[in-house]
Amino acid sequence: GLGTPLSNFEAGENYQEVDDPALTIAFELQEEKGTYFLAWTTTPWTLISNLALMVGGETTYVKARQEGREGLFILAEDRLFAYPHFEVVERFKGSDLVGKSYLPLFPYFSHLEAFRVILGEEVSTSEGTGIVHAAPAFGEQDFYACRAAGIPLVCPVDQNGIFTAEIPEYHGKFVKSADKEIIKRLKSSGALFEAATVHHRYPFCPRSDTPIIYRATSTWFV
């Protein structure tokens, strides 16, 4: 990467069709062992910086069990069709989940006052699980929702899209190049509920033709 901030206009100039990983991740509730929130992402590298899970306040969520799998899983009722063989045990609104704590996936930021369910104004049930993982430095919606909920911001990625020394295992690695190792690690820890691939349009830098990453930065555009 060139390490240069781009405006929204520039970032939209060079979309390409790519295949990316699409992961469903199980986040175990702090107070209810064996019960998990299911969240979906196409950017595994951002899971390193996960600090919250976002839900829609008026969205209906279910606690359900899946045939042949241990545990109970929470996801939006409207997304049940995407995950077969689920039997619903309980229903509730997203607002009832707000404030519930879960166990961090990784140890790097586990000391922070974070890792809880918060409201996300734009959480949709058009894809994924209806629960959105939030890494506030790497998404606009995440940034504002976490700020409103008092969740801090961490950014272990430099301006070239390289993991910093805060993440010793991936220090010096371009974030998207770390995806495969991160997926393998989630699989071995049992946090990977489902792995698939999504074919979608993704923005590339118009100058270097490399994938653009969204990262919180302070800059001026003239």
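Residues numbered from 1 in each chain as written. Predicted model: local features only at pLDDT ≥ 70, side-chain atom pairs only at ≥ 80, totals over all residues. Heavy atoms only, no water.

**A few points about the overall build of the protein**
Consideration 1: What the protein contains, in helices and strands, is 3 helices and 9 strands.
Consideration 2: Along the chain direction, N to C, the helices and strands of the protein fall in the order α-β-β-β-β-β-β-β-β-α-α-β.
Consideration 3: The long-range fraction of contacts in the protein, counting pairs at least 24 apart against all pairs at least 6 apart in sequence, stands at 67%.
Consideration 4: Summed over all atoms, the accessible surface of the protein reaches about 11500 Å², with 48% contributed by carbon and sulfur. (Helix = DSSP H or I, 4+ residues; strand = E, 2+ residues; numbered from the N terminus. Contact = heavy atoms within 4.5 Å. Areas by Shrake-Rupley, 256 points an atom, 1.4 Å probe, with all protein chains shown as cover.)

**Things to note about unusual backbone geometry**
Trans is the prevailing form of peptide bonds, just as negative phi is the prevailing case for residues other than glycine.
Consideration 1: The residue His85 is not glycine, and still its phi comes out positive at about 65°.
Consideration 2: Secondary-structure assignment places His85 in the loop between strand E5 (72-76) and strand E6 (86-93).
Consideration 3: Among the residues examined, His85 registers a relative accessible area of 55% and is labelled exposed.
Consideration 4: With a phi close to 60°, Phe115 is a non-glycine residue in the positive phi region.
Consideration 5: Inspection of the secondary structure puts Phe115 in the loop between E6 and strand E7 (116-119).
Consideration 6: Overall, Phe115 belongs to the buried group, its relative accessible area being 5%. (Buried < 20%, exposed > 50% of the residue type's maximum accessible area, 1.4 Å probe, protein only.)

**Remarks on empty space enclosed by the protein**
Consideration 1: Counted under the stated rule, the structure contains 1 cavity of 30 Å³ or more.
Consideration 2: Considering only enclosed or pocket space, the largest cavity measures out at about 50 Å³ in volume.
Consideration 3: Considering the residues around the largest cavity, the lining is formed by Leu47, Ile48, Asn50, Pro104, Leu105, Phe106, Tyr108, Phe109 and Phe115.
Consideration 4: Within the lining of the largest cavity, the residues separate by chemical class into 8 nonpolar, 1 polar and no charged. (1 Å grid on protein atoms, 1.4 Å probe; cavity = no way out; pocket = protein on both sides within 12 Å on 5 of 7 lines; lining within 4 Å. Points joined across faces, edges and corners; volume = space filled by probe spheres on them. Nonpolar A, V, L, I, M, F, W, Y, C, P; charged D, E, K, R; others polar.)

**Overview of the pairing of strand E4 (residues 60-66)**
Every other side chain in a regular strand lies on the same face of the sheet, so the side chains alternate between the two faces.
Consideration 1: Among the 7 residues of E4, 5 are classified as buried, and the element is accordingly described as predominantly covered.
Consideration 2: As defined by bridge partners, E4 adjoins E5 across 4 bridges and the pair is classed as antiparallel. Directly across from Tyr61, in E5, lies its bridge partner Ala76.
Consideration 3: Counted along the chain from E4 to the antiparallel partner E5, the turn is 5 residues long, and its residue Gly68 has a positive phi close to 80°. (Pairing = 2+ DSSP bridges.)

**Some remarks on helix H2 (residues 140-149)**
Consideration 1: Where H2 is concerned, the buried positions are Asp142, Ala145 and Cys146. Taken end-on, H2 shows its buried residues confined to a sector of 95°, consistent with a single buried face. In H2, the exposed residues that point more than 90 degrees away from the buried face are Arg147 and Ala148.
Consideration 2: Contacts from the buried residues of H2 go to strand E3 (52-55), E7 and strand E8 (132-134).
Consideration 3: In the segment just after H2, Gly150 is the residue with positive phi, at about 75°. (Arc of directions from axis to C-beta.)

**Here's the deal with the pattern of salt bridges**
Side-chain pairs of opposite charge can arise where the charged atoms are in close proximity.
Consideration 1: Within this structure, the stated rule accounts for 7 salt bridges.
Consideration 2: In this structure, the salt-bridge partner of Glu90 is Lys63, at a minimum N-O distance of 3.7 Å. Here Lys63 lies in strand E4 and Glu90 lies in strand E6, a separation of 27 residues in the sequence.
Consideration 3: Given a relative accessible area of 37%, Glu90 falls into the partly exposed group.
Consideration 4: Residues Arg91 and Glu77 are paired through a salt bridge, measuring 2.5 Å at the closest nitrogen-oxygen approach. Residue Arg91 is located in strand E6, and its partner Glu77 is located in the loop between E5 and E6; the two are separated by 14 residues in the primary sequence.
Consideration 5: Judged by relative accessible area, which is 25%, Glu77 ranks as partly exposed.
Consideration 6: By sharing partners, the salt bridges in this structure join Glu32, Lys63 and Glu90 into a single network. (Salt bridge = Lys/Arg side-chain N within 4 Å of Asp/Glu carboxyl O.)

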